[in-house]
Amino acid sequence: MASFLSESSRGQLGYAKAEKIKVAAQNTFGIKVAQSAFKFQLKQLIDQVLFIESQIKSLDKEIEFYYNQFDCHLTSIPGIGAVTAAIILSEISDIKRFSNSSSLVAYAGIDPTVKQSGQFSSNNNRMSKRGSPYLRRALFLAASTCTLHESSLNDYYNKKRSEGKHHLTAVGAVAHKLTHIVFAIMRDNKDYEPLS
């Protein structure tokens, strides 16, 4: 069970979770009546999950096939796969629509809102969340993945965390930086080259 949990959760769960499940199962009352009906129902649910997983894999392959038809270099960024790159590409479309990287950041809705009143200016601003929610979600998920790979984005995430920023705030900062990188890659039509 521990190895199954580890594989299914991509290493996030393992022996400790398996032990908790085992202890919890020992303390349950169990099913005494209509066991065959419940077994059948459980098998049907498992079959549905496996079918949906196979459909997702087929869909991912189809998306990757169409993404590869474009001369795009987004997958050169560590942590961005073909599916996420395809979402980003489809939401941005022609990069020439954006005059600079800041306008792309604004379109994605990961620019900070400005709260001002007279002399007062807030320094605790949130993302504006205007623009494309699909692009914002893709960039946020990509940023989350990028923080797990050895890269300048991971270093930037760790820097924000060491400054006392919450995990989601640090990932948001990485998404902001990632958007500038995406703009440069699509504008120049070149692979990602981290600054040394």
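A quick note: this is a predicted structure, and the numbers were derived from the prediction, not measured.

> Looking at this structure, how should I read the overall build of the chain?
Along the chain, the regular secondary structure elements total 8 helices and 2 strands. From first element to last, N terminus to C terminus, the chain shows the α and β order α-α-α-α-α-β-β-α-α-α. The buried share of the chain, reckoned over its 196 residues, is 28%. Nonlocal contacts in the chain, meaning residues at least 24 apart in sequence, comprise 52% of its contacts between residues at least 6 apart. Summed over its atoms, the accessible surface of the chain is roughly 13,900 Å², and 55% of this surface lies on carbon and sulfur atoms.

> For this particular structure, what's the right way to read the nonpolar core?
The nonpolar side chains of a soluble globular protein tend to be buried with one another. Counting residues in each nonpolar core, the largest one holds 36 residues, and the members touching the most others are Leu 74, Ile 77, Ile 88, Ile 92, Leu 178 and Val 182. Mapped by element, the contributors of at least two residues to this core are helix H4 (82-92), helix H5 (101-108), helix H6 (133-146), helix H7 (152-162) and helix H8 (167-188). The element contributing the most residues to this core is H8, with 10 residues. Ignoring any residue separated from it by four or fewer positions in sequence, one finds Ile 77 in contact with Cys 146, Leu 153, Leu 178, Ile 181, Val 182, Ile 185 and Tyr 192.

> Before we go on, may I ask you to explain the packing of aromatic side chains in this structure?
For any pair of aromatic rings, the description rests on two quantities: the centre-to-centre distance and the angle between the ring planes. Evaluation of the coordinates by the stated rule reveals 2 aromatic pairs. Here Phe 65 and Tyr 66 contribute two aromatic rings whose centre-to-centre distance is 5.1 Å and whose plane-to-plane angle is 75°, an arrangement assigned as edge-to-face. Overall, Phe 65 belongs to the partly exposed group, its relative accessible area being 47%. Ring geometry for Phe 98 versus Tyr 107: centroids 5.3 Å apart, planes at 50°, classification tilted. Phe 98 sits in the buried class, given a relative accessible area of 10%. For Tyr 107, a relative accessible area of 25% corresponds to the partly exposed category. Geometry around Tyr 107 places Arg 97 over its ring, the cationic atom sitting 5.4 Å from the centre. Lying over the aromatic face of Tyr 156, Lys 177 brings its terminal NZ or CZ to 4.6 Å of the ring centre.

> For this particular structure, what's the right way to read the side chain of Ser 101?
Turning to its location among the elements, Ser 101 is positioned in helix H5. The exposure class of Ser 101 is buried, given its relative accessible area of 16%. Ser 101 has contacts with His 180 and Phe 183, leaving out every residue within four places of it along the chain.

> Help me out: how do you make sense of the packing of H5 against H6 in this one?
At a closest axis distance of 8 Å, the pairing of H5 and H6 adopts a crossing angle of 105°. Considering their axes alone, H5 and H6 lie roughly perpendicular with respect to each other. Of H6, the residues touching H5 (which contributes Leu 104, Tyr 107 and Ala 108) are Leu 135, Arg 136 and Leu 139.

> Before we go on, may I ask you to explain unusual backbone geometry in this structure?
Leaving glycine out, the prevailing phi sign among residues is negative, and the prevailing peptide bond configuration is trans. The backbone of Ser 93 shows a phi angle near 65°, a positive value even though the residue is not glycine. For Ser 93, the location among the structural elements is in the loop between H4 and H5. In this structure, Asn 189 is a non-glycine residue whose phi angle is positive, near 55°. Assignment of secondary structure puts Asn 189 in the segment after H8. Classification of Asn 189 by relative accessible area gives partly exposed; the value is 36%.

> Looking at this model, I keep getting lost on the confidence of the model for the chain. Mind explaining?
Low pLDDT marks stretches whose predicted atomic positions should not be read closely. Across the chain, the average pLDDT comes to 85, with 89% of residues at or above 70. Ranking the elements of the chain by mean pLDDT puts strand E2 (residues 120-121) last with 46 and H4 first with 93.

> Looking at this model, I keep getting lost on the pattern of salt bridges. Mind explaining?
Any two side chains of opposite charge can pair if their charged atoms end up close together. Applying the stated criterion across every chain, the model contains 4 salt bridges. Across the salt bridge formed by Glu 163 and Lys 159, the nearest N and O atoms sit 3.3 Å from each other. Across the pair Lys 160 and Glu 163 runs a salt bridge, and its minimum N-O distance is 3.6 Å. On the accessibility criterion, Lys 160 (16% relative accessible area) is buried. In this structure, a network of salt bridges that share partners links the residues Lys 159, Lys 160 and Glu 163.

Each value, and the rule that gives it
Residues numbered from 1 in each chain as written. Predicted model: local features only at pLDDT ≥ 70, side-chain atom pairs only at ≥ 80, totals over all residues. Heavy atoms only, no water. Helix = DSSP H or I, 4+ residues; strand = E, 2+ residues; numbered from the N terminus. Buried < 20%, exposed > 50% of the residue type's maximum accessible area, 1.4 Å probe, protein only. Contact = heavy atoms within 4.5 Å. Areas by Shrake-Rupley, 256 points an atom, 1.4 Å probe, with all protein chains shown as cover. Core = buried A, V, L, I, M, F, W, Y, C linked by side-chain atoms within 4.5 Å. Phe/Tyr/Trp six-rings, centres within 6.5 Å; stacked < 30°, edge-to-face > 60°. Lys NZ or Arg CZ within 6 Å of the ring centre and 35° of its normal. Axes fitted to C-alpha atoms, helices over the stretch in contact; angles between N-to-C directions. Parallel < 35°, antiparallel > 145°, perpendicular 65-115°, else oblique. pLDDT = per-residue confidence, 0-100. Salt bridge = Lys/Arg side-chain N within 4 Å of Asp/Glu carboxyl O.

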